[in-house]
Amino acid sequence: MASAAQSILKEKFGYDEFRPGQDAAIKRVLAHENTLVIMPTGGGKSLCYQVPALLQSGLTVVVSPLIALMKDQVDALNENAIPATYINSTVAYPEAQHRLEMAARGEVKLLYVAPERLEMPDFQQDLASLQIDLLAVDEAHCISQWGHDFRPSYLQLQTIAAALPSHPTVIALTATATTRVALDIGQRLNIPEAGMINTGFARPNLSFQVVKDQDKDAFLLDYLKLNQTQSGIVYCATRKEVERLYLLLERQGIAVTKYHAGLSEQERTANQEDFLFDRKPVMVATNAFGMGIDKSNVRFVIHAQVPGDLESYYQEAGRAGRDGLPSEAILLFAPADLQIRRFFIDQSEGDDAYKQNEYRKLQVMNQYANTGDCLQQFILQYFGQASQPCGQCSNCRDDREAVDVTLDAQKALSCVVRMHGRYGKGLIADVLAGSKSRRLTQLGLEQLSTYGLLSSWRKKDISGFIDFLTADGYLMPQGGQYPTLGLTELGAQVLRGEAQVMRKQAVKARQSLPVDDELFQQLRSLRYDLAQKQGVPPYVIFSDETLRQLCLLR
Ligand code: ADP
Ligand code: MG
Ligand code: ZN
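Residues numbered from 1 in each chain as written. Chains lettered and ligands numbered in written order. Predicted model: local features only at pLDDT ≥ 70, side-chain atom pairs only at ≥ 80, totals over all residues.

- The protein has the name DNA helicase RecQ in an unreviewed UniProt entry, where Lacticaseibacillus suilingensis is given as its organism.
- Taken directly from UniProt, the Sequence similarities (unreviewed entry) text for the protein runs: "Belongs to the helicase family. RecQ subfamily."
- Database annotation for the protein, UniProt heading Catalytic activity (unreviewed entry): "Couples ATP hydrolysis with the unwinding of duplex DNA by translocating in the 3'-5' direction." (UniProt positions renumbered as here; feature names shortened; annotations may be inferred.)

Rendered as structure tokens:
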């Protein structure tokens, strides 16, 4: 016999089966046990409170920072004949009172509220007079200062949840929580560790890619022209860059729109709708865009500039492929973009400890961009989840030959040892390059025996090599803004000749041959069709590098 929850799932939502974690979460909630649900984006968190809301006699209050989407969410519920309403800054006072009265009379089952409301004493009193069975806290990571999107008003939830006379059950939901953040949410909302339902973070339908050492604009144009009919988001770090890329793409005839906090409310809404309804399938935006956007057919998310931390990256990239179909998450990486992020951190209002922590998170992002290991695995590991190499990210699919670079690594690592772990990447690279800078002379560093050991390299390549050694665990950064580099145990093994260092490198010698552009584009679009047919990402078929090799004009 189907459970009551299953019947609701079928009758009200039209689904036959629960997705992983939904069943367990709903059971706990119905047993009045506080619960934290950690599920990837698109995993189906909303049903975890919407189904219980319909099975309980009282009201379910949903706290969500996604004010722009509340109306849509509520409309969607109403279309399924589920009585729901919302209160946020777009609702005038008399109307808000009216909606509260409806809630009090039991005429709505779900009431969505913006977190800012919770800070108003009057509103807290209004809530206290309602029979609330369930308090759902969406995007629950916003309650933690360790998270990447802390909202002070979320802190109110701690006292409100405890003080409500109807003693509601609490369900908190998030897609991004490191262990530390999960424990913090649990502590603040009184959720026992046994009440954490974690379906894991993996998004097997996303293939991750890092693009380095390439002209970013050219890559973007190429990619978007090839994927004309696909929907996707291009994220930039600044409004200025959004405007620049928007113009660049629009002039090339790409159906593109834009979104950032500098646009009028009206323009933002219009552009968002153009994107949602596929009138303009490509959105160029800052991170002001997208939280909670429920557009299921986003096929790619490209970061044109590096985001500040891996949580944000994974959340933003995760807006691709909510329908479960193969989708791409691409980071266009240029080391200079890290500078923009450092500037943001310097300008932020946090204290020193906060800033140091932000710098460290940025370093993780830098390591992601420079690792030779599986990108998906790198991310999951950061969230504390063990996994196998994904087989489809740009590192897993990198079919370039891995070259033994042990000797070069030994040169670089011995230089770090000679510098006693007291200096950062820039000075280490200067010493290895044999640079004539005044600074080296002042510090007496040009006396080192490792001075000029890699003098035939470009400084930029040495810098990239040090990033690689750091990302793959041979070097360890210490400190925040200008981290010093020290040797790890693995690095020491390399110096002792006990471990080898392998690195995949571009085949430089051949790049001097010109590429037949037309052929390249044709093959690339064939590859895309093939990938579509087989339901796999294009890189699974051939990497760009391989295609390029095929199209060399010999
Ligand atoms: P999240 O909040 O975890 O990102 P949502 O709750 O917005 O995800 O759900 C994502 C999509 O999955 C929605 O379109 C939703 O209708 C759909 N969905 C949720 N649960 C199920 C289910 N059991 N079966 C089929 N589709 C589901
Ligand atoms: Mg959600
Ligand atoms: Zn991989």
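Observations regarding the site of ligand 1
Alright, step 1. Close to ligand 1 lie 16 residues, the nearest being Tyr-15, Gly-43, Gly-44, Lys-45 and Ser-46.
Alright, step 2. Looking at the shell around ligand 1 residue by residue, the classes come out as 4 nonpolar, 7 polar and 5 charged. (Near = placed C-beta within 6 Å. Nonpolar A, V, L, I, M, F, W, Y, C, P; charged D, E, K, R; others polar.)

Remarks on the sheet that holds strand E6 (residues 169-174)
Alright, step 1. With respect to topology, 7 strands assemble into an open sheet ordered E3-E4-E2-E5-E6-E1-E7, the strand pairing being parallel. In this open sheet, the two strands that pair with only one neighbour each are strand E3 (84-87) and strand E7 (196-198). Each strand axis lies, on average, 20° off the axis of its neighbour in the sheet, ignoring direction.
Alright, step 2. In this fold helix H5 (residues 93-104) packs onto strand E2 (59-63), E3 and strand E4 (110-113), with an angle of close to 140° to the strand it touches most, E3.
Alright, step 3. Across the sheet, helix H8 (residues 179-189) touches strand E1 (35-38), strand E5 (132-137), E6 and E7, and the angle it forms with E1 is around 155°. (Pairing = 2+ DSSP bridges. Helix = DSSP H or I, 4+ residues; strand = E, 2+ residues; numbered from the N terminus. Axes fitted to C-alpha atoms, helices over the stretch in contact; angles between N-to-C directions. Contact = placed C-beta atoms within 7 Å.)

A few points about the sheet that holds strand E11 (residues 282-285)
Alright, step 1. Taken in spatial order, the 6 strands line up as E8-E13-E12-E9-E11-E10 in an open sheet, and their pairing is parallel. The sheet is open, and its two borders are formed by strand E8 (206-212) and strand E10 (256-259), each paired with just one other strand. Ignoring strand direction, the axes of neighbouring strands in this sheet form an average angle of 20°.
Alright, step 2. Two strands pair when backbone bridges link them, and strand E12 (residues 298-303) and strand E13 (residues 327-333) are joined in this way by 4 bridges, in the parallel orientation. Following the sheet pairing, Phe-300 is matched in E13 by Glu-328.
Alright, step 3. Packed on one face of the sheet, helix H9 (residues 216-226) meets E8, strand E9 (231-235), E11, E12 and E13 and runs near 165° to E13.
Alright, step 4. Across the sheet, helix H11 (residues 265-276) is in contact with E10 and E11; its angle to E10 comes to roughly 140°.

Considerations on the nonpolar core
Alright, step 1. Formed by 55 residues in total, the largest nonpolar core has its most connected members in Val-61, Leu-111, Ala-136, Val-137, Ile-171, Ala-172 and Ile-185.
Alright, step 2. For Ala-172, the residues in contact, after removing those within four places along its chain, are Leu-36, Val-137, Ala-140, Ile-185, Leu-189 and Ile-191.
Alright, step 3. The next biggest cluster of nonpolar side chains, apart from the first, holds 52 residues, and it includes Phe-208, Tyr-223, Leu-224 and Ala-329. (Core = buried A, V, L, I, M, F, W, Y, C linked by C-beta atoms within 7 Å. Buried ≥ 20, exposed ≤ 12 C-beta atoms within 10 Å, placed from the backbone.)

Notes on the packing of helix H2 (residues 22-30) against helix H3 (residues 47-55)
Alright, step 1. Packing of H2 against H3 leaves a shortest axis separation of 9 Å and a crossing angle of 40°. Relative to H3, the element H2 is oriented oblique. Viewed along their axes, H2 and H3 form a crossing whose handedness is right-handed. Listed contacts from H3 to Gln-22, Ala-25, Ile-26, Val-29 and Leu-30 of H2 are Leu-47, Cys-48, Val-51, Pro-52 and Leu-55. (Parallel < 35°, antiparallel > 145°, perpendicular 65-115°, else oblique. Left-handed = near helix turned anticlockwise from the far one by under 90°.)

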